[in-house]
Every structure is written in structure tokens, then in C-alpha cells.
Amino acid sequence: MDHTGNIIFIMEIIGTIAFASSGALLGIRKRMDVFGVCVLGVITAVGGGLTRDVILGITPPGMFQNPVYTATAMAVSLILFISNYKGRDKTGEKRLVIYDKVMTVFDAIGLGIFTVVGINTAVDAGYNQLFLLTFVGVITGVGGGLLRDIMAQEKPYILTKHVYACASIAGALACAFLIRMMNRLPATVIGAAVVISIRMLAAHYHWNLPRVNRE
Amino acid sequence: MDHTGNIIFIMEIIGTIAFASSGALLGIRKRMDVFGVCVLGVITAVGGGLTRDVILGITPPGMFQNPVYTATAMAVSLILFISNYKGRDKTGEKRLVIYDKVMTVFDAIGLGIFTVVGINTAVDAGYNQLFLLTFVGVITGVGGGLLRDIMAQEKPYILTKHVYACASIAGALACAFLIRMMNRLPATVIGAAVVISIRMLAAHYHWNLPRVNRE
Amino acid sequence: MDHTGNIIFIMEIIGTIAFASSGALLGIRKRMDVFGVCVLGVITAVGGGLTRDVILGITPPGMFQNPVYTATAMAVSLILFISNYKGRDKTGEKRLVIYDKVMTVFDAIGLGIFTVVGINTAVDAGYNQLFLLTFVGVITGVGGGLLRDIMAQEKPYILTKHVYACASIAGALACAFLIRMMNRLPATVIGAAVVISIRMLAAHYHWNLPRVNRE
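J.: Please clarify how the interface of chain B and chain A should be interpreted in this entry.
T.: Every contact between the two is made by 32 residues of chain B and, on the other side, 32 residues of chain A. For the pair chain B and chain A, the summed buried area comes to about 2900 Å², and 68% of that belongs to carbon and sulfur atoms. The largest contributions to the chain B side of the interface with chain A come from Arg31(B), Asp33(B) and Phe64(B), which together make up 24% of the buried area. Across the contact surface, chain B and chain A share zero salt bridges. When residues of the side of chain B that touches chain A are assigned to their parent elements, the largest contribution, seven residues, is made by helix H2 (residues 34–56) of chain B. When the residues that make up the side of chain B that touches chain A are grouped by side-chain class, the tally is 19 nonpolar, eight polar and five charged.

Shown next as C-alpha cells:
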């Protein structure tokens with residue numbers, strides 16, 4: 001039991017690092033200063049969990065009680081800023097080319113982990129309805145990236161990236177369904193793997209969903 | 001009493017359909033794919049009620065407990081997407097012309113219904129202060145459309161459409177005032193009618209409010 | 001004690017006036033009509049406190065229980081609109097030139113006051129953890145301006161202005177630290193003074209923080 005809690009905490013930290021990286025990289029790309037980069041990194045990392053806790057009535061939200069998430073996100077943002085700042089040389093162009101790929105990977109990891117972490121928090125708070133668990137998971141997963149995109153005046157990933165909300169919903173459904181049938185840990189790991197796999201496959205093979213053409 | 005509850009539930013579903021349509025149509029216009037359209041439809045439909053429940057401390061918000069609102073919004077978005085997808089032909093241009101009118105009507109209906117539904121929820125939660133009821137009603141009414149516009153990177157209706165917040169405030173005041181003097185049902189219907197009438201008249205006759213000119 | 005409460009209430013009203021002014025001025029500059037200007041003024045003024053109360057689980061938020069904040073913000077917005085509306089003459093150009101300076105001052109005052117007011121509210125609600133107090137203070141301080149910028153489709157101050165979040169964090173830390181060691185009133189005033197001083201000095205001397213250059 002405690003073992004499971006530890007593993008979920010480790011997953012949370014990994015998700016925090018991944019989302020903080022995606023926020024900080026966007027800030028660096030948009031030429032924000034060091035504080036703007038840190039703010040965007042922190043908001044991306046804690047935004048999903050904050051939204052989840054407000055919705056579940058967990059007040060004050062967990063991130064206010066334990067500074068570790070904010071501190072981790074701040075440290076990651078600073079490291080990324082410094083390494084990019086010092087690297088202001090001929091490799092800058094090349095960095096920019098690989099930027100989108102790295103950002104997509106980090107975002108997918110954060111999306112997958114926060115989706116299942118959100119479901120675990122809801123289960124801990126005493127909920128077990130399939131729809132509620134799934135929806136809370138999806139909101140936790142997409143919340144941070146959505147706040148990042150809104151604040152940075154980008155088109156939200158959730159509306160524009162093919163198979164983004166879709167990946168989160170699939171993994172959340174899997175996790176919420178399995179968590180009521182088996183031990184929590186494998187259900188959580190499987191759910192996260194489903195989200196990350198679908199999202200990465202969709203990004204790699206440029207899966208397209210139909211859209212209405214108007215010309 | 002139960003009768004009133006049923007009618008308010010029917011109004012909620014109509015409001016959900018109207019707001020989901022306005023969100024989905026905006027997504028279609030912005031050439032989002034099928035998931036983006038559904039996400040925008042759902043957020044527009046449930047955003048106002050979600051904001052209201054968070055503010056009133058109703059956790060988890062009603063939409064998490066009853067999937068009917070999300071399912072309705074998803075179905076409406078899908079139907080609109082499919083009908084527009086199949087209709088990709090010479091009528092496309094004509095559709096685009098009537099788009100704004102349809103969107104305005106749907107948005108006005110959603111605005112009116114959610115404004116009074118918000119007041120009813122606050123009354124059910126034990127509040128009866130005129131200011132609180134009015135403000136909660138307005139936030140419930142404008143919340144969904146505001147989230148829609150922010151996510152789609154549009155200028156928010158609430159800031160740019162003439163007589164938008166104004167219509168919601170007038171109807172909310174009428175409903176909050178009457179609900180303490182008469183049966184709940186007529187107060188609710190009158191309030192919604194006030195919002196929708198003012199909004200539609202303003203849109204039809206292009207009522208203008210003064211603004212500061214700088215040339 | 002009651003004396004302290006009164007002074008904090010007066011600070012809140014000053015902060016409300018300052019933030020409402022910054023929101024209304026942005027609306028006027030963006031040529032919104034009178035209602036849009038009022039909506040933006042009110043949201044800027046009450047947004048920080050609303051966010052804080054939702055996070056602390058204070059439901060309904062204070063601004064719903066006491067109309068004075070909304071009424072003050074509405075009145076300030078109307079007065080600014082009318083005075084600018086009547087002033088539509090050759091001085092318009094000159095007004096626009098001084099606009100940014102006035103806006104920066106009002107925003108700095110609002111930022112400083114709401115940062116420390118947020119901490120006081122958290123203390124009243126029974127919290128005393130340094131990290132929580134600081135974070136709640138910062139969110140209360142930056143929340144209104146952030147909502148203003150997102151709704152008006154501006155680049156958020158918090159991400160782009162040099163030494164903005166930084167000023168709020170410094171003053172919040174000072175206030176949260178001192179409030180546990182001395183009387184509440186001096187700690188509050190010192191905290192606000194720290195925020196406003198740092199922010200104004202940074203704006204006046206164009207302090208720059210490092211950013212990553214890519215050319």
C-alpha cells in the first residue's frame with residue numbers, strides 16, 4: 001500500500017518534470033525572460049492538479065501544502081533556461097529544429113501520468129463512479145497544458161493536436177475501469193502507458209482526424 | 001415541486017444543446033478536427049455550470065455526477081460535425097453566411113437558460129441574497145461562452161458583443177427578484193425570456209453602446 | 001484588532017480601485033463599448049480574490065457576499081469611461097501617451113495590495129505555513145491582472161513584464177515571514193510596500209532580466 005503510494009509519488013514527480021519542461025521550453029521559444037519561463041513552467045506543471053483539487057473540493061489544493069511540486073518545476077525551468085542561455089551559439093538553429101519533438105515527448109509523458117494520477121486522487125477522495133473518475137483524470141491530464149497554451153497565447157493542444165484529448169480519454173477509461181477490478185498499481189501503469197502510446201504513435205505517424213474543409 | 005424540477009431539467013438540456021452547438025460551430029468554422037469540435041462543444045456547454053458549482057462549493061460539480069450533460073453536448077457536437085462534413089459542397093459558402101445568425105441565436109438561448117438555471121442552483125443551495133443570486137446567475141450564463149472564446153482565441157463575446165453581459169444581468173435581476181416573491185417556475189421562465197429577448201433584439205437591430213473613439 | 005481590520009478593508013478598496021482602473025483603461029484602449037469596459041474592470045478587480053477564495057475553499061467567495069467590491073469597480077470603470085468619452089478631442093493623442101505609465105502605476109498598486117490582502121485572508125482562514133501563505137498571496141496578487149490580459153487577448157503581464165511575478169513573490173515572502181513575528185498591520189504594510197517599490201523601480205529603470213536570444 002505504502003509501496004504503491006511511493007510509486008505514484010515518483011510518477012507525479014516525473015510528470016511534473018515533463019510538464020515543467022514543456023512549459024519552460026515554450027517560454028524560451030517565445031523569448032520570455034527567466035521569470036516568465038519559470039512561471040510558465042510552474043503553471044504547466046501544477047495547473048492540472050490544481051484544477052482537479054478545486055473540482056474535488058480538496059482545499060487547499062495539494063500543491064499548496066507540499067512545496068515539492070512547485071520547487072521541482074522551478075528547478076527544471078531554471079536548468080532549461082540556463083542550458084539554453086549558455087548555448088546561445090551556432091547550435092541554436094539546430095536546437096530549434098529538435099524543439100518540437102522534445103516538447104511533444106515531454107507533453108505526452110505529462111499527459112499520461114497526470115491523467116492516471118488524477119484518477120488515483122479521486123479514488124483516494126472516495127469516488128468510484130466510472131464517468132467521474134474518467135473525467136477527473138482527463139481534466140488533470142489536459143489542465144496544465146491548456147493553461148500553458150492559453151497563457152502563452154498559443155492554439156490549445158487539446159483543440160488542435162490530433163488525438164490529444166482522445167489519448168487521455170482512452171487511457172483514463174482504461175485506468176478507471178481496471179482500478180475497480182485489480183490492484184491500483186498495475187491499473188495506473190497500464191492507463192499511463194495507453195495514453196503515452198496512443199499520443200506518441202499519433203504524433204509519429206501524423207494520424208489525422210477528419211475535419212470539415214471549406215474552400 | 002417535482003414538476004418544477006422536471007421543467008428546469010428540460011431547460012438545462014435545451015441550454016446544453018444550444019451552447020454545445022455554438023461551441024461546435026465555432027470549432028467547425030476554425031477548421032478543427034472532430035475531437036477539437038467535440039471538446040469545444042462540451043466545454044461551452046458545461047463550463048458555466050462547472051464555474052458556478054466551484055464558486056458555490058458544490059463538489060464534485062453536478063456535471064461530474066451526472067454524465068447526461070456531457071453526453072448530450074458530445075452527441076450534438078458530433079451531429080453538427082457530421083452534417084457539415086457531408087455537406088462539403090457548393091452550399092458551403094451559403095452555410096458560412098448563415099453561420100453567424102444561427103450561432104447568435106443558439107448563444108442567446110444558452111445565455112438565457114443558464115443564467116436562470118444558475119440562480120435556481122444557488123437557491124437550492126440555500127442562498128437568497130439578491131446580489132449573490134444575480135451574480136451567480138450571470139457567471140453561469142456567461143461562463144461557457146467565455147471559456148469557448150478564450151480557448152478558440154476569439155475576442156470574448158462578453159467584452160465585444162453589444163448588450164451581452166447587460167442582457168444576462170437584466171434577466172438575472174428579474175429572476176432573482178421575482179423568485180423571492182412568486183413560484184419558482186414563472187420567475188425562472190420570465191428571467192430566461194428577458195435575457196433572450198434583450199439579446200436577440202440587440203443583435204437584430206444592431207443596438208450599439210457608446211465607446212470611446214480615438215482617431 | 002478591529003482597527004487592523006478597518007485598515008485592511010481600506011487597502012482592499014484602494015486595490016480594487018487600482019485594478020479596476022487598469023482593466024477599464026485597457027478596455028478603453030481596445031475600443032470596447034461601455035459594458036465591455038465595465039466587465040473588464042470588474043473582472044480585473046475581483047479576479048484575484050475570487051481565485052484565492054476558491055483555492056482556500058471559502059465558498060461562496062467574499063465578493064459574492066459583499067457587493068461593495070463589485071460596485072466600486074463598476075463605478076470606477078464608468079467614471080473612467082465617461083471622462084475619456086467626453087475627452088474625445090485633440091488631447092486624445094496625449095492621453096494615449098501617458099496611458100501606459102498610469103496603467104503601470106495602478107497595476108503595481110493593485111499587485112502589491114492584493115498580494116498582502118491574500119495572505120491576510122489565508123491567515124484568517126487558519127493557515128500559517130510559509131509556502132502556502134506566500135503562494136496564496138502571489139496568486140491573489142497576479143490573478144486579476146492575468147484574467148484581464150487573457151480576456152483582452154493581451155500577452156499576460158506576468159509572463160512578459162520584467163520583475164512582475166518576482167516583485168509579488170518578494171513582497172509575499174516578506175509579509176508571510178513577518179506576519180508570524182510581529183503585529184499583522186506593519187507586516188502587511190511592509191509587504192505591500194516591497195511589492196510596489198520593486199515593481200515601480202523595475203518599470204522606471206527598465207530593469208531587464210536575462211532571456212535566451214535566438215537570431
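J.: Would you explain the relation of the copies chain B and chain C in this entry?
T.: In this arrangement, two copies of a chain are superimposed by a rotation about an axis accompanied by a shift along the axis. If you rotate chain B by 120 degrees and push it 0.0 Å along the axis, it lands on chain C with an RMSD of 0.0 Å. The superposition of one copy onto the other is thereby described by a three-fold rotation axis. Looking at chain B, a mere 9% of its interface residues are interface residues in chain C too, so the copies touch through different faces.

J.: Could you clarify how one ought to interpret the relation of the copies chain B and chain A in this entry?
T.: Its rotation angle being 120 degrees, the transformation that places chain B on chain A also includes 0.0 Å of axial translation and leaves an RMSD of 0.0 Å. Residue by residue, only 9% of the interface of chain B is reproduced at the interface of chain A, so the copies engage with different surfaces.

J.: Help me understand the interface of chain B and chain C, please; the structure alone is not making it clear to me.
T.: For an interface, size is often stated in terms of accessible area lost upon the parts coming together. On the chain C side, the residues contacting the 32 residues of chain B number 32 residues. The interface formed by chain B and chain C includes zero salt bridges. Applying the counting rule to chain B against chain C returns three residue pairs in polar contact (both at pLDDT 80 or more). Top element by residues in the side of chain B that touches chain C is helix H6 (residues 130–151) of chain B. It accounts for seven residues. Looking at the side of chain B that touches chain C residue by residue, the class counts come to 20 nonpolar, six polar and six charged.

The rules we used
Residues numbered from 1 in each chain as written. Chains lettered and ligands numbered in written order. Predicted model: local features only at pLDDT ≥ 70, side-chain atom pairs only at ≥ 80, totals over all residues. Heavy atoms only, no water. Contact = heavy atoms within 4.5 Å. Buried area = accessible area lost by both parts, 1.4 Å probe. Salt bridge = Lys/Arg side-chain N within 4 Å of Asp/Glu carboxyl O. Helix = DSSP H or I, 4+ residues; strand = E, 2+ residues; numbered from the N terminus. Nonpolar A, V, L, I, M, F, W, Y, C, P; charged D, E, K, R; others polar. Least-squares fit on C-alpha atoms with pLDDT ≥ 70 in both. Polar contact = N/O pair within 3.5 Å; in protein donor to acceptor, adjacent residues only side chain to side chain.

Coordinates in, geometry out; function isn't part of it.
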